[in-house]
Amino acid sequence: MLKVIAPGKCILFGEHSVVYGYPAIAMALGINSTCKIKRISHNQLRLHLKDYDRTFNFSSIREIRSKFPQEFKNFQVGFLSVIDRYGIDVLGMEVQISSDLFMGGGLGSSASTAVALMGGLGSFFDLDLDKAQISDLAYNMEKIVHGNPSGIDNTICTNGNILIYQNKQFQTLENIPHSNFLITYTNMDHSTKVAVEKVANLKQQRPEYVNKIFRTIGKVTDKAEKVLKRGNIAKLGDLMNKNQELLTKLGVSNRQIKKINKISLKNGLYGSKLTGAGLGGCVIGI
Ligand code: PMV
């Protein structure tokens, strides 16, 4: 049996504007998604999605193409991309996918399961995939879930650590001093697709207003990179609060997020902002 894990993530600065080519900073979490693969005697692909308590059996590649349930189309895309790109035969194996991250929380559950699956298939079939190839394959799966992803989620879930990302390029931030973060769930799951579309609609209606916000978020993120390296937590908190204000102007905050921000700051945190797409999901504080 082969087991591959990939970490979840949270975005520290720059969500949404990153979709339009501005920089964003993301860090990996110590909470993972797992893909387990083993050979079975039946000439089938057995896919077990543990968190959904669902198992699917496919008896041929044709069935994988035609009988995959629509709600899990991202996994179909994952299997078909390795089948078509590398000519492998995925029959005679069982693939189990699970995640310790809760779904819809903005902590990278979809990206990390995609990375774990692609990394798992790559290892199982000795495809010798490097991280860029694994990330690229996971990105194809993410497109199904999110529509127009920037690529930051699959990049951080593949490479781990803490990184700054812009236009499909990234740089790992080295020697970042230790800080404590608090992640709070709003108790509302969110859809990245809906939030990204909301921003896209606002951009269409008020392009100058939205572009100005994106540029300002870009500047906040650039400053945050320097401040992170210096380990100045108070200043980092100020920048997080500024980023939150700008995200509110983009229309992706809500009452629950605002309430968590308020409680966090009142209780001594330096900064608090939504992380990920917003409209629910999680809030990160420092
Ligand atoms: O899926 P989430 O909640 O982690 O959000 C991803 C971050 C966005 O910037 C909103 C979308 C993207 O593709 O970068």
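Please refer to the structure higher up on the page.
Criteria and cut-off values
Residues numbered from 1 in each chain as written. Predicted model: local features only at pLDDT ≥ 70, side-chain atom pairs only at ≥ 80, totals over all residues. Heavy atoms only, no water. Axes fitted to C-alpha atoms, helices over the stretch in contact; angles between N-to-C directions. Helix = DSSP H or I, 4+ residues; strand = E, 2+ residues; numbered from the N terminus. Parallel < 35°, antiparallel > 145°, perpendicular 65-115°, else oblique. Left-handed = near helix turned anticlockwise from the far one by under 90°. Contact = heavy atoms within 4.5 Å. Near = heavy atom within 4 Å. Polar contact = N/O pair within 3.5 Å; in protein donor to acceptor, adjacent residues only side chain to side chain. Areas by Shrake-Rupley, 256 points an atom, 1.4 Å probe, with all protein chains shown as cover. 1 Å grid on protein atoms, 1.4 Å probe; cavity = no way out; pocket = protein on both sides within 12 Å on 5 of 7 lines; lining within 4 Å. Sits in = over half its atoms within 2 Å of the grid points. Nonpolar A, V, L, I, M, F, W, Y, C, P; charged D, E, K, R; others polar. Phe/Tyr/Trp six-rings, centres within 6.5 Å; stacked < 30°, edge-to-face > 60°. Lys NZ or Arg CZ within 6 Å of the ring centre and 35° of its normal. Pairing = 2+ DSSP bridges. Disulfide = S-S within 2.5 Å. Points joined across faces, edges and corners; volume = space filled by probe spheres on them.

Trainee: Looking at this model, I keep getting lost on the packing of helix α7 (residues 207–230) against helix α8 (residues 233–249). Mind explaining?
Mentor: The axes of two packed helices give the description: the angle between them and the distance between them. Where α7 contacts α8, the two axes come as close as 10 Å, and the packing angle between them is 165°. Classed by the angle they form, the pair α7 and α8 counts as roughly antiparallel. The chirality of how α7 crosses α8 is left-handed. Side by side, α7 and α8 meet where Y209, I213, T216, I217, V220, K223, A224, V227 and L228 of the first sit next to K235, L236, L239, K242, N243, L246 and K249 of the second.

Trainee: Before we go on, may I ask you to explain the site of the ligand in this structure?
Mentor: Taken together, 17 residues lie near the ligand, and K9, H16, S150, T192 and A277 sit nearest. With respect to the ligand, the backbone of A277 contributes an N or O atom lying 2.9 Å from an oxygen atom. Expressed as a share of its isolated accessible area of 380 Å², the protein-covered part of the ligand is 97%. More than half of the atoms of the ligand fall within 2 Å of the grid points belonging to the largest pocket. Counting residues per element, the ones that place at least two in the shell around the ligand are β1 (2–13), α5 (152–159) and α6 (192–205). A breakdown of the residues in the shell around the ligand according to their chemical character gives seven nonpolar, seven polar and three charged.

Trainee: Looking at this model, I keep getting lost on the packing of aromatic side chains. Mind explaining?
Mentor: Centre distance and the angle of the planes are the two values used to describe a pair of aromatic rings. Following the criterion strictly, the structure yields eight aromatic pairs and no others. Measuring from ring centre to ring centre gives 4.4 Å for F102 and Y185, while their planes differ by 65°; the resulting arrangement is edge-to-face. Separated by 83 residues along the polypeptide, F102 in the loop between β5 (93–99) and α3 (109–124) and Y185 in strand β8 (residues 182–185) bring together distant segments of the chain. Through a chain of ring-to-ring contacts, the aromatic side chains of Y52, F56, F72 and F75 assemble into a single cluster. Cation over ring: R206 sits above Y209, and NZ or CZ is 4.0 Å from the ring centre.

Trainee: Would you take a moment to explain unusual backbone geometry for this structure?
Mentor: Most of the time, phi is negative for any residue but glycine, and the peptide bond is trans. Residues other than glycine seldom take positive phi values, yet N161 does so here, at roughly 65°. Among the structural elements, N161 can be located in the loop between α5 and β6 (162–166).

Trainee: So what exactly am I meant to see when it comes to the sheet that holds strand β10 (residues 282–285) here?
Mentor: On the basis of which strands lie adjacent, the open sheet formed by three strands has the order β8-β10-β9 and antiparallel pairing. Two strands lie at the open edges of the sheet, namely β8 and β9 (272–275), each paired on one side alone. Averaged over all adjacent pairs, the angle separating strand axes in this sheet is 30°, with direction ignored. Examined bridge by bridge, β8 and β10 share four bridges and lie antiparallel to one another. Counted as the bridge partner of L182 is G285 from β10. Along the sheet, α8 contacts β9 and β10; its crossing angle with β9, the most-contacted strand, is approximately 55°. On top of the sheet, helix α9 (residues 255–266) reaches β8, β9 and β10; it is set at about 145° to β9, its chief contact.

Trainee: What exactly am I supposed to notice about the state of the cysteines here?
Mentor: Here a disulfide denotes a covalent bond joining the sulfur atom of one cysteine to the sulfur atom of another. Considering all chains together, one arrives at zero disulfides under this definition. Unpaired in terms of disulfides, C35 finds its nearest cysteine sulfur in C157, a separation of 14 Å. The thiol sulfur of C282 is not disulfide-bonded, and the nearest other cysteine sulfur, from C10, lies at 8.8 Å.

Trainee: Would you explain the layout of surface pockets in this entry?
Mentor: Unfilled space is identified by rolling a water-sized probe across the atoms. What the largest pocket holds in volume is close to 820 Å³. Surrounding the largest pocket, 45 residues form its lining, S110, E142, V145, H146 and T192 being those nearest its centre. Going through the elements one at a time, β1, α2 (73–86), β5, α3, α4 (131–146), α5 and α6 are the ones with two or more residues in the lining of the largest pocket. By residue class, the composition of the lining of the largest pocket is 17 nonpolar, 19 polar and nine charged. Roughly 220 Å³ of internal volume is contained in the second largest pocket. Around the second largest pocket sit K131, A132, S135, D136, Y139, G151, N154, T155, N159, Y165, K168 and F170, which together line it.

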